[in-house]
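Okay, here's what each chain looks like letter by letter:
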Amino acid sequence: MAVGVPLWVLLTLSNVLARPPEDGARLTYTKVLKGSIPEYLSITIDSQGVGSYEGRQLDEAPAPHALKLSAESTHQLFSLAEALNNFQGVELESHRKVANLGLKTLVYERAGQRNQVEFNYTQRKEAQLLVNIFDKIASVENHVVTLEHAMKYDHLSLPKELLQIQIDLDNRALADPELMVPSLEKIANNPRFLHLAQVRAQTILQRLQNSN
């Protein structure tokens, strides 16, 4: 099932969605919002779903790590970018008086071509959906980072974080939640963690398995 993409959009973009991403193409999404967690977010992905994720505070050193998205999510991202002419000559900023929602930058690169667009808030549905998917991927990666940190330094916080993952799954707030599987398996299979944490991790794993 497409990640958070309404049926009417899929129908509108049917011709675009039928085509695979162009080989060698790369998308980058960044968002900067001081005072948020994280303040700096960056996701880069190529046409094969291979890329990197970085989420940090602005005063922290860069620390990106590798990312591999599903073919479905990769296809959606590049299809929505293509519907926006791969950001070439596209104005996305609404110019409405709205709160600071973070400076968002979308970049498309392929064969020496580089198109970039920036905005705080947009009314273009395709751009909203594109950002929404990127943000849902970031949420998954943030959960992974939090789980890995808790396993090393704060075992008692694991049940609360796992509960939040369950809530986010209920709210369909995560894209490619399977990225959490390695971390969840570590918790579920290690008796040194709280029993409640193990049970919740196993419940999430079963839920992800049943959704495939």
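Up top is the structure.
Residues numbered from 1 in each chain as written. Predicted model: local features only at pLDDT ≥ 70, side-chain atom pairs only at ≥ 80, totals over all residues. Heavy atoms only, no water.

### Topic: the packing of helix α3 (residues 71-83) against helix α4 (residues 125-153)
The N-to-C vectors of α3 and α4 enclose an angle of 155°; their axes lie 9 Å apart at closest approach. Relative to α4, the element α3 lies roughly antiparallel. Note on packing geometry: the crossing formed by α3 with α4 is left-handed. Within the contact between the two elements, α3 uses Q76, L77, L80, A81 and A83 and α4 uses E126, L129, L130, I133, F134 and I137. (Axes fitted to C-alpha atoms, helices over the stretch in contact; angles between N-to-C directions. Helix = DSSP H or I, 4+ residues; strand = E, 2+ residues; numbered from the N terminus. Parallel < 35°, antiparallel > 145°, perpendicular 65-115°, else oblique. Left-handed = near helix turned anticlockwise from the far one by under 90°. Contact = heavy atoms within 4.5 Å.)

### Describing a nonpolar patch on the surface
A cluster of nonpolar side chains, V32, L58 and L103, forms an exposed patch at the surface whose accessible area comes to about 220 Å². Tracing the chain through its elements places V32 in strand β1 (residues 26-32). V32 gets classed as partly exposed once you look at its relative accessible area, which sits at 33%. (Patch = residues over 30% accessible without salt bridge, like charges linked within 9 Å, V, L, I, M, F, W, Y side chains within 5 Å. Areas by Shrake-Rupley, 256 points an atom, 1.4 Å probe, with all protein chains shown as cover. Salt bridge = Lys/Arg side-chain N within 4 Å of Asp/Glu carboxyl O. Buried < 20%, exposed > 50% of the residue type's maximum accessible area, 1.4 Å probe, protein only.)

### Structural notes on the environment of T122
With respect to the helices and strands, the residue T122 is situated in the loop between β6 (113-119) and α4. Given a relative accessible area of 4%, T122 falls into the buried group. Leaving out residues up to four positions away in the same chain, T122 has contacts with L92, S94, A127 and Q128. In this structure the side chain of T122 is engaged in a polar contact, spanning 2.6 Å, whose partner is the backbone oxygen of L92. (Polar contact = N/O pair within 3.5 Å; in protein donor to acceptor, adjacent residues only side chain to side chain.)

### A look at the packing of aromatic side chains
Here the structure, examined in full by the defined rule, presents one aromatic pair. Ring centres of Y29 and F134 lie 5.0 Å apart, and the angle between their planes is 15°; on these two criteria the pair is classed as stacked. Of this pair, Y29 sits in strand β1 while F134 sits in helix α4; the two residues are 105 residues apart in sequence, bridging distant segments of the chain. Since its relative accessible area comes to 0%, Y29 is described here as buried. Cation over ring: R56 sits above Y40, and NZ or CZ is 4.5 Å from the ring centre. (Phe/Tyr/Trp six-rings, centres within 6.5 Å; stacked < 30°, edge-to-face > 60°. Lys NZ or Arg CZ within 6 Å of the ring centre and 35° of its normal.)

### Regarding α3
With 13 residues, α3 should cover 18 Å at 1.5 Å per step; its first-to-last C-alpha distance of 18 Å lies within 8% of that length. Taken together, the buried positions of α3 are occupied by S73, T74, Q76, L77, F78, S79, L80 and A81. Trailing α3 by a residue or two, N85 shows a phi angle of about 60°, which is positive. (Expected span 1.5 Å × (residues − 1).)

### Regarding the sheet that holds strand β3 (residues 50-56)
Here six strands make up an open sheet; going across it, the order is β4-β3-β2-β1-β5-β6 and the pairing antiparallel. Edge positions in the open sheet fall to β4 (65-68) and β6, since each of these has one partner strand only. This sheet shows a mean twist of 15° between the axes of neighbouring strands, independent of strand direction. Pairing analysis gives seven bridges linking strand β5 (residues 103-110) to β6, with the strands arranged antiparallel. (Pairing = 2+ DSSP bridges.)

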